[in-house]
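# What the coordinates show
Spelled out, the chains give:
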Amino acid sequence: MNPATLALVGNFKALLPLAEALSDSEISLLIQKKCPPSIHADLILQVIENDSSEMTCSLPWLAWDLTGKPQTTTSAYQAGARAVFPAETPAETIAKTLQRTLDELGRASAPEPQTRQRKYQRGEIILLEMDTVLLIKEGVLATTMIHQDGAEVLLGLSGKGQIVVAHPEDDCHIQIVAHTDAKVQIEAWETAVGQPDFLMKLRARLQQMEGWAAMQARPSLPQRVLGILGLLAGQFGCIHAQGTLIDVRVTHAQLASAVGATRTSITRVLGELRDTGKIMILSAQGEDRFCVCDKKLAEDHQCH
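A brief report on the enclosed structure follows. Values in this document were obtained by computation on a predicted structure and should not be read as measured data. (Residues numbered from 1 in each chain as written. Predicted model: local features only at pLDDT ≥ 70, side-chain atom pairs only at ≥ 80, totals over all residues. Heavy atoms only, no water.)

Let us look at the state of the cysteines. Evaluation of the coordinates by the stated rule reveals zero disulfides. Cysteine C238 remains unbridged, with the sulfur of C291 as its closest cysteine sulfur at 8.3 Å. Between C291, a free cysteine, and C293, which holds the nearest cysteine sulfur, the sulfur-to-sulfur gap is 4.7 Å. For C291, a relative accessible area of 0% gives the class buried. (Disulfide = S-S within 2.5 Å. Buried < 20%, exposed > 50% of the residue type's maximum accessible area, 1.4 Å probe, protein only.)

Structure below.
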């Protein structure tokens, strides 16, 4: 069986770290400055360095956006990119995603098991084929949406025991990313629906999405922030002397993208919520964790 061919398109200097990360794989690499119409490859990675970078490929392709402009990400998705990596994405993470995508493309035309196990490292983009269902065995996944203006919105975090369903290719630009190292199980839809607990998991997924949307629709920013933190406490909370500790890292940038605010506004609101005893910010394993304070416990323990 011939090895899969991956075309790396763009500036050689930018592609060099990625080529080195793929050097030990069995993938046949083809490096091109531009993407010719007659290119023979199974998958293409296009490096986008400026607004004039070409974003038209007839083959399956992914993009590595080095411009840092949100509008470029949107343009790449609209041009058909399966995923768009931010400029700061490590070459090793991109290499893993490319290898996994080539593996999935190879499986698409061959018989495959109904159930597959996968492991992802933190920051990896997860590409789901249509009519598949992902069950999280370990870790946390983030679901985001890229707006047409390039703004990224956090649609929720999903943890152990929860399911994520593949989204159709449309203008929504939904993306699933490993928020932590994760282990998942991927099944064909017809296999997943036969599981006795599938309807319960699907109902829980719908309830989570509705709850998240309800919190995002609250009129004031402090209400939206506290509402999202409350939902996360329900998902990932553990008992703490002052309330419920959210045992997963959530950054100011992620909160901002979840509630439609700037990082500066989020920092201000979090300070206000902390000063009024509604939340605490604790350090765990070198990272900040939010604690949603129960009102009675806040009064008893002066939660500030």
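Looking now at the sheet that holds strand β11 (residues 163-165). One open sheet accounts for four strands, arranged β6-β13-β8-β11; its pairing is antiparallel. Taken across any chain shown, the strands that pair with only one partner, and hence form the sheet edges, are β6 (115-120) and β11. Strand-to-strand twist of the sheet, defined as the mean angle between neighbouring strand axes without regard to direction, takes the value 25°. Bridging between strand β8 (residues 132-138) and β11 involves three bridges; their strand directions are antiparallel. Considered in β11, the bridge of L135 is made with I163. The sheet contacts of helix α5 (residues 198-216) involve β8 and β11, and relative to β11 the element is tilted by about 75°. (Pairing = 2+ DSSP bridges. Helix = DSSP H or I, 4+ residues; strand = E, 2+ residues; numbered from the N terminus. Axes fitted to C-alpha atoms, helices over the stretch in contact; angles between N-to-C directions. Contact = heavy atoms within 4.5 Å.)

On to the pattern of salt bridges. Enumeration over the complete set of coordinates arrives at eight salt bridges. Between R289 and D247 there is a salt bridge; the shortest N-O distance is 3.9 Å. Residue R289 is found in strand β17 (residues 287-293), and its partner D247 is found in the loop between β15 (243-246) and α7 (252-259); the two are separated by 42 residues along the sequence. The exposure class of R289 is buried, given its relative accessible area of 7%. E287 is the salt-bridge partner of R289, the closest N and O atoms lying 3.3 Å from each other. (Salt bridge = Lys/Arg side-chain N within 4 Å of Asp/Glu carboxyl O.)

Turning to the sheet that holds strand β3 (residues 43-48), a few remarks are in order. Pairing is parallel in the open sheet, where five strands are placed in the order β2-β1-β3-β4-β5. The sheet terminates laterally at β2 (28-32) and β5 (84-85), the two strands that pair on one side only. Taken together, the four bridges between strand β1 (residues 5-9) and β3 define a ladder with parallel strand orientation. Across the sheet, residue L6 finds its bridge partner in β3, namely L43. Strands in contact with helix α2 (residues 70-78) are β3, β4 (61-65) and β5; relative to β4, the strand with the most contacts, it is inclined by about 170°.

One finds L157, V225, L229 and I246 to be the most contacted residues of the largest nonpolar core, which totals 27 residues. Listing elements by their share of this core, those giving two or more residues are β10 (152-158), α5, α6 (221-236), α7, α8 (263-275) and β17. Looking at this core, the element that brings in the most residues is α6, giving seven residues. For V225, the residues in contact, after removing those within four places along its chain, are V259, I266, V269, L270 and L273. (Core = buried A, V, L, I, M, F, W, Y, C linked by side-chain atoms within 4.5 Å.)

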